[in-house]
Every structure is written in C-alpha cells, then in structure tokens.
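Results of the structural survey
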Amino acid sequence: MKQSGNSTTKTITVTASIINTVEAVPASITAKQATLISSRLLARVDEIKVRSGDDVKQGDVLITLESEALHSKVIEAQEQVNSMQARNTEVTQNYKRAKELFTKQMISSFELDKSKADYQSNIAQLTAAQQHLNQAKTTLSYATLRAPISGKVVDRFTEPGNTAQPGNKLLTLYNPLSLRVEAHVREQLAVKLTLGQSLKVILPATNTTLTGLVEEIVPAANTGSRTFLIKISLPYQETMLPGMYAQVLVPAGQVTKLLIPSSTVQHMGQLSFVSVLVDNTPQRRFVRIGNKDVNNMVSIISGLTEGEQVLIK
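Residues numbered from 1 in each chain as written. Predicted model: local features only at pLDDT ≥ 70, side-chain atom pairs only at ≥ 80, totals over all residues. Heavy atoms only, no water.

As a further point, take unusual backbone geometry. Comment: phi is negative for the bulk of residues other than glycine, and the bulk of peptide bonds are trans. In the Ramachandran plot, Gln105 falls in the positive-phi region, its phi being about 60° despite a non-glycine side chain. In this fold, Gln105 is placed in the loop between α1 (68–103) and α2 (109–141). With a phi close to 50°, Asn207 is a non-glycine residue in the positive phi region. Looking at the secondary structure, you find Asn207 in the loop between β14 (198–203) and β15 (208–217). Relative accessible area serves as the criterion here: at 73%, Asn207 is assigned to the exposed category. (Helix = DSSP H or I, 4+ residues; strand = E, 2+ residues; numbered from the N terminus. Buried < 20%, exposed > 50% of the residue type's maximum accessible area, 1.4 Å probe, protein only.)

One pass over the structure, following the stated rule, counts 12 salt bridges. With a closest N to O distance of 3.5 Å, Lys114 and Asp118 form a salt bridge. Of this pair, Lys114 and Asp118 both sit in helix α2, separated by four residues, roughly a single helical turn. Exposure remark for Asp118: the relative accessible area of 32% places this residue in the partly exposed category. Arg180 serves as the salt-bridge partner of Glu215, at 2.7 Å between the closest nitrogen and oxygen. (Salt bridge = Lys/Arg side-chain N within 4 Å of Asp/Glu carboxyl O.)

Moving on, we get to the packing of α1 against α2. One way to put it is that α1 packs onto α2 with a least axis distance of 8 Å and a crossing angle of 160°. On the basis of the axis angle, α1 is roughly antiparallel to α2. In terms of crossing hand, the pair formed by α1 and α2 is left-handed. In the contact of α1 with α2, the residues fall into 17 nonpolar, 14 polar and six charged. (Axes fitted to C-alpha atoms, helices over the stretch in contact; angles between N-to-C directions. Parallel < 35°, antiparallel > 145°, perpendicular 65-115°, else oblique. Left-handed = near helix turned anticlockwise from the far one by under 90°. Nonpolar A, V, L, I, M, F, W, Y, C, P; charged D, E, K, R; others polar.)

Glancing now at the nonpolar core. Counting residues in hydrophobic clusters, the biggest one holds 28 residues, and the most contacted among them are Val56, Leu62, Ile63, Leu65, Leu171 and Leu173. Of all the secondary structure elements, the ones that give two or more residues to this core are β6 (43–48), β8 (61–65), α1, α2 and β12 (169–174). Once residues within four sequence positions are removed from consideration, Leu171 is found in contact with Thr35, Leu36, Ile37, Val50, Leu62, Ile63, Val153, Asp155, Arg156 and Phe157. In this structure, Leu193, Ile230, Met240 and Ala246 belong to the second largest nonpolar core, which totals 25 residues. (Core = buried A, V, L, I, M, F, W, Y, C linked by side-chain atoms within 4.5 Å. Contact = heavy atoms within 4.5 Å.)

Quick look at the environment of Asn168 now. Its location among the elements puts Asn168 in the loop between β11 (163–164) and β12. What makes Asn168 partly exposed here is its relative accessible area of 41%. C-alpha of Asn168 to C-alpha of Arg40: the two residues are 128 residues apart in sequence and 9.0 Å apart in space. Not counting residues within four places of it along the chain, the set of residues in contact with Asn168 comprises Ile37, Ser38 and Ser39.

This part is about the sheet that holds β11. Judged by pairing direction, the sheet is antiparallel, and its four strands sit side by side in the order β9-β8-β6-β11 without closing on themselves. Strands with a single pairing partner mark the edges of an open sheet, and in this sheet they are β9 (144–146) and β11. Across two bridges, β6 lies against β11 in antiparallel orientation. Within β11, the residue paired with Ala43 across the bridge is Ala164. (Pairing = 2+ DSSP bridges.)

Tracing the sequence through the fold places Thr21 in strand β4 (residues 15–31). Apart from residues lying up to four places away in sequence, Thr21 is in contact with Val250, Pro251, Ala252, Gly253, Gln254 and Val255.

Attention shifts here to the sheet that holds β12. One open sheet accounts for four strands, arranged β5-β12-β10-β7; its pairing is antiparallel. Either end of the sheet is taken by a strand with one partner, and the two such strands are β5 (34–38) and β7 (55–56). Relative to strand β10 (residues 151–156), β7 runs antiparallel, the two sharing two bridges. The residue of β10 that forms the bridge with Asp55 is Lys152.

An ideal rise of 1.5 Å per residue puts 48 Å on 33 residues; α2 measures up with 48 Å between its terminal C-alpha atoms. Buried residues of α2: Leu112, Ser115, Asn122, Leu126, Ala129, Leu133, Ala136 and Leu140, and no others. Here the buried face of α2 lies against α1 and β9. (Expected span 1.5 Å × (residues − 1).)

What follows is the structure, encoded as structure tokens:
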C-alpha cells in the first residue's frame, strides 16, 4: 500500500507464483459390475418380469421360457429312478439271501455270482437314471433366468412370444454401486499417476465435482493415441448413469504465473485493462488475462511484469 498526498492509494505488487496445474481429460462413466442375460436354450419366451430401469436383487426371476416339454422329461426321468430304486430293493434282498444260502452251502457259487451281477448291474442302472434326472432338472432350471447380481436393468432386447436363441442377449444389468470413471490419459501424465491417488472428477450434466481414487492403470499404452486407460472409483451418486460424460482433472505439473486480484481488472468490450502506478501516477494498461485461479485471483499472460504496482479499486 502506498500513500499519495492526503489520500491513500491502495496498490498490490505483481508477483510471480508457482501454481500446480491440472489437465481436464475427457472420460466416461462405466459399470465395473455389469452382465448380459442370455438363454442356454432354444425356447419361446413365456414371460418377462422386468423393464428398463427396474431394480432387481440377486436371484430374482427375470425371464421364464416355455418349459412344458422340459417338465415332462423331468417326470419321465423321476419315474425311471423310482423304478430302478424299486428294482434295487429287490435285487439287494436277493443278493443278501444268496450270500446267506451260499454260506450254508445251499446254493452254488454260480448262483451267488449271478445274484451279485444282478445287484451290481442294477446299481449302475440306478446311478445312470439319477444322473439323467439331475441333467433333466438342470435343463429345466435353464428355463428360469434369474438375476446373477443385484442392480438395475439397463435394457431388454426381446418380448414375450419371441424365440430365445442360445447366447443371444435378452437383458442387460449393471450394479449402480460399481460405477466408475474410465479415461484415456496421455502417457506423459499417466506414467506419473499411482494406484490409490486421489483425483477430482467433474460431471458436467449434474454440475457435480467428486473425488475419486485411481484403482487401475492398464499397463499398456494405446499405440495409436499414446494414451493409457485409467480407471477411477467413485462414491455412489444417485444421478450417475453409465455412459455419462465426465472430466478427470489430472495433475500436469507446475507453472509460474503472474497473479493479481480479479477485482483489479476492468473491461471495455473484448479488452481488459488495469491501472498501474507509474511514478505515483495511475496509468491505464491493457492486459491479456488467463483463467481465474483460486481465491479470486486471475493470471496475466501479457501486459504486466513482476514488481509493478496495480491499483486496487
């Protein structure tokens, strides 16, 4: 501050400051935990219980397929098992009796061996029947498609009455709690990042700024763009959706800037100027300004030099 005559002239000295800079890198919101729902069977879609945007819990029924023929196969396999079990009771008793009679020398070894062979054959047939029943039940279970994770339905790609083809997607789900940011960061900046590092993430659509943590750095650069894929975990936000645009503020080193209070800058159309004290006399000086920094300070690109006195309004 300087005094001139009986009046007080408030000034500030232009000084150079070292500023940490960041680079805003375009990014997208993605779901770490996402899944496609598809059928293992060639069958008609009987019912779809969810629509886009619905919340589901793990194990909830999403889609049921036509399964009358599969139910019939399960019943048939169960009847075969019941028959083999009844037969098993009979041959087991026969084999037990044959061993007792053989011990008393009332039957020959040939008859004992035959009873034993019948017993073992029935055991093999019963095992095969039980395996066939289990397979039929497993195939029947494929007709009921359940949610493998808790989350939200993104989209459905079929309707009741359509034929589900094995492998073709029917629904897509994602876990809202697993949303994160993925950004391709140029190699000069990416190699300086570390796992667990905090980075600011801006969501322009909701005018939100979040703090995320670097959870993964893909250890290979894209040969075309010379960038690394960086994945950043975020705290849950209800307004976040997969595919939304985001910006990641990546540290870009330090620069030296001339900073003055933004209140000292006046504007005339597209021009900016300040009042500089030269030999105790205010003079108008046109300047070129940069971005506004913290604490309402503005950087000067040209028009001022370090050490000059700028009048404070």
